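Chain residues, written in single-letter form:
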Amino acid sequence: MLTPFPIPLLPEIQFQAPWFLLLALAAPLVLVMGGRSGTAPAVVFSSLSLLGDIGKPRKNRIGGLGPWLAALGIVATSLALARPQRIDARDHQSTTGIEIQLVIDISGSMSIEDFFLGGQKINRLEAAKQVIQDFVRSRPSDRIGLVIFAGRAYPIGPLTLDHDWLLDRIREDIHFNYNIEQGTAIGSAIASSTERLMERDATSKIVILLTDGAQSVEGLSPMEAAKMASTLGIKFYPIAIGTEGRHFVPRMGGAISQSFDLETLEGVAEVSGGKAFLAKNLSSLQAVFDEIDQLEKSEMTKETIIEAEELFHWPAAVAFGLVCLSLFGRETIFRSSP
């Protein structure tokens, strides 16, 4: 089997059958043979004095056009048989993305302003939106969906790879102005995200659930919902956001005592193989999403695609042209008379 041979000065060009280049060694032999010694042509004349030089060896010039054409034809033929190719090698990366469902609490308590951005107070929802947008930008190969909830869950759009559209939804559609019952229906939110993910055929599915409260409405409990989701291979990363204590709630016009049901969130994470977090400020919330980003990496496969463009037809055309010129010349301009 012949091994491709690259050209050092032209790395994008290689010969697929380089041993045929040895045929080019015959070219100098043709030139030498074309200029070999021999006797000059003779014509009988009536005067013997004109025949003095007859029989003396005579040397034709190497470089007579005929031998040169033959030599160049041999070189061109050897190049064509060696199959020169232009190689285009490109690295291609393919990724197997993760299906990610973002589940965001928009209950009234998320309006508590206990986070800071640039020295200014911001509410919990705005802090979450800031960090979530950065997270979405860091996952270009993953399908990501969005569910918001308070007293019930409300899906916003399908899981999508159109992250520009998704970022617009995060900026414009995550707010408090929905006609949704107040409360914190974590179980309902888990069930809604599960329903959307169970229809997908991805090998890895996760839910990032961000809330600042505990289950406060009747219905499906978070643990029951998580157990059902875990049978489908869905992994949960619940995040408790905010600080405990008494806080003024702008959306309610009054103060509440804030507490988290971390035990339930940790149970949701444990039953699904995920992990629960507590984020008390913007930097810790960012650290949580950075950790999730590291824990859930998309699979990437790198392959090199090699395309070879055949170039043999160029030297073959030159060889054919030289043969035609040589044959034509022998009968015309290269023809000699005695």
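Remember, it's a predicted structure, so these values are computed and weren't measured experimentally. (Residues numbered from 1 in each chain as written. Predicted model: local features only at pLDDT ≥ 70, side-chain atom pairs only at ≥ 80, totals over all residues. Heavy atoms only, no water.)

### A short note on the pattern of salt bridges
A complete count under the given rule lists 13 salt bridges for this structure. K129 is the salt-bridge partner of E126, the closest N and O atoms lying 3.6 Å from each other. With E126 and K129 both in helix 3 (residues 124-137) and three residues apart, the pair spans about one turn of that helix. Residue E126 is classed as partly exposed on the basis of its relative accessible area, which comes to 33%. Residue E291 is joined to K275 by a salt bridge in which the shortest nitrogen-to-oxygen separation is 2.4 Å. Here K275 lies in the loop between helix 7 (262-272) and strand 15 (277-279) and E291 lies in helix 8 (residues 282-295), a separation of 16 residues in the sequence. A residue is classified by how much of its surface remains accessible, and E291, at 29% relative accessible area, is partly exposed. Beyond isolated ion pairs, a larger network of salt bridges with shared partners links D114, R124 and D212. (Salt bridge = Lys/Arg side-chain N within 4 Å of Asp/Glu carboxyl O. Helix = DSSP H or I, 4+ residues; strand = E, 2+ residues; numbered from the N terminus. Buried < 20%, exposed > 50% of the residue type's maximum accessible area, 1.4 Å probe, protein only.)

### A word on the packing of helix 3 against helix 4 (residues 163-173)
Two elements in contact, helix 3 and helix 4, have axes separated by 10 Å at closest approach and are oriented at 175°. On the basis of the axis angle, helix 3 is roughly antiparallel to helix 4. Of the residues in helix 4, those in contact with K129, I132, Q133, V136 and R137 of helix 3 are H163, L166, L167, I170 and R171. (Axes fitted to C-alpha atoms, helices over the stretch in contact; angles between N-to-C directions. Parallel < 35°, antiparallel > 145°, perpendicular 65-115°, else oblique. Contact = heavy atoms within 4.5 Å.)

### Thoughts on the confidence of the model for the protein chain
The pLDDT averaged across the protein chain works out to 81; a share of 79% of its residues lies at or above 70. Mean pLDDT across the elements of the protein chain ranges from a minimum in strand 4 (residues 57-59), with 45, to a maximum in helix 3, with 96. A low-confidence stretch, residues 56-63 stays under pLDDT 50, and its non-local contacts, those more than four residues away or across chains, total 17 contacts. (pLDDT = per-residue confidence, 0-100.)

### Side note on the environment of I234
Looking at where I234 falls in the secondary structure, it is placed in strand 12 (residues 234-241). Judged by relative accessible area, which is 1%, I234 ranks as buried. Between the C-alpha atom of I234 and that of M198, which follows or precedes it by 36 residues, the distance is 8.4 Å. When residues no more than four places from it in sequence are discounted, the contact partners of I234 are T194, L197, K205, V207, A229 and S272.

### Quick look at unusual backbone geometry
One non-glycine residue with positive phi stands out, namely R83, at about 55°. With respect to the helices, strands and loops of the structure, R83 is situated in the loop between helix 2 (65-81) and strand 5 (84-96).

### Some remarks on the sheet that holds strand 12
Hydrogen bonds between backbone groups are what pair the strands of a sheet, and the pairing can be parallel or antiparallel. Strand order across the open sheet formed by six strands is 10-9-6-11-12-15, with mixed pairing between neighbours. A strand with exactly one partner marks an edge of an open sheet, and here the two such strands are strand 10 (153-160) and strand 15. Each adjacent strand pair in this sheet contributes to an overall mean axis angle of 15°, direction not counted. Its contacts with the sheet put helix 7 on strand 11 (205-211), strand 12 and strand 15, and the angle it makes with strand 12 is roughly 160°. (Pairing = 2+ DSSP bridges.)

### A few points about the pairing of strand 6 (residues 99-105)
The buried fraction of strand 6 amounts to seven of the seven residues, a majority that puts the element mostly inside the structure. Of the two faces of strand 6, both are covered, the one formed by E99, Q101, V103 and D105 as well as the one formed by I100, L102 and I104. Note: strand 6 against strand 9 (residues 143-149), seven bridges, orientation parallel. Across the sheet, the residue bridging to D105 is F149, located in strand 9.

### Here we look at the nonpolar core
Grouped together as the largest cluster of nonpolar side chains are 39 residues, with contacts concentrated most on L102, I104, I208, L210, I239 and F289. Among the secondary structure elements, those contributing two or more residues to this core are strand 6, helix 3, strand 9, helix 4, strand 11, strand 12, strand 15 and helix 8. If we ignore the near neighbours within four places in the chain, the residues touching L102 are I132, F135, V136, I144, G145, L146, V147 and I208. (Core = buried A, V, L, I, M, F, W, Y, C linked by side-chain atoms within 4.5 Å.)

### Examining the packing of aromatic side chains
Applying the stated criterion to the full structure yields two aromatic pairs. Between the aromatic rings of F135 and F289, the centroid separation amounts to 5.3 Å while the plane-to-plane angle is 65°, which identifies the pairing as edge-to-face. Of the two residues, F135 is situated in helix 3 and F289 in helix 8; the sequence distance between them amounts to 154 residues. By relative accessible area, which is 3% here, F135 ends up buried. Where Y154 meets Y178, the ring centres are 5.4 Å apart and the plane angle is 50°; that geometry is what we call tilted. Taken together, the residues Y154 in strand 10 and Y178 in the loop between helix 4 and helix 5 (186-197) connect sequence positions 24 residues apart. Taking the relative accessible area as the measure of exposure, Y154 reaches 34% and is therefore partly exposed. (Phe/Tyr/Trp six-rings, centres within 6.5 Å; stacked < 30°, edge-to-face > 60°.)

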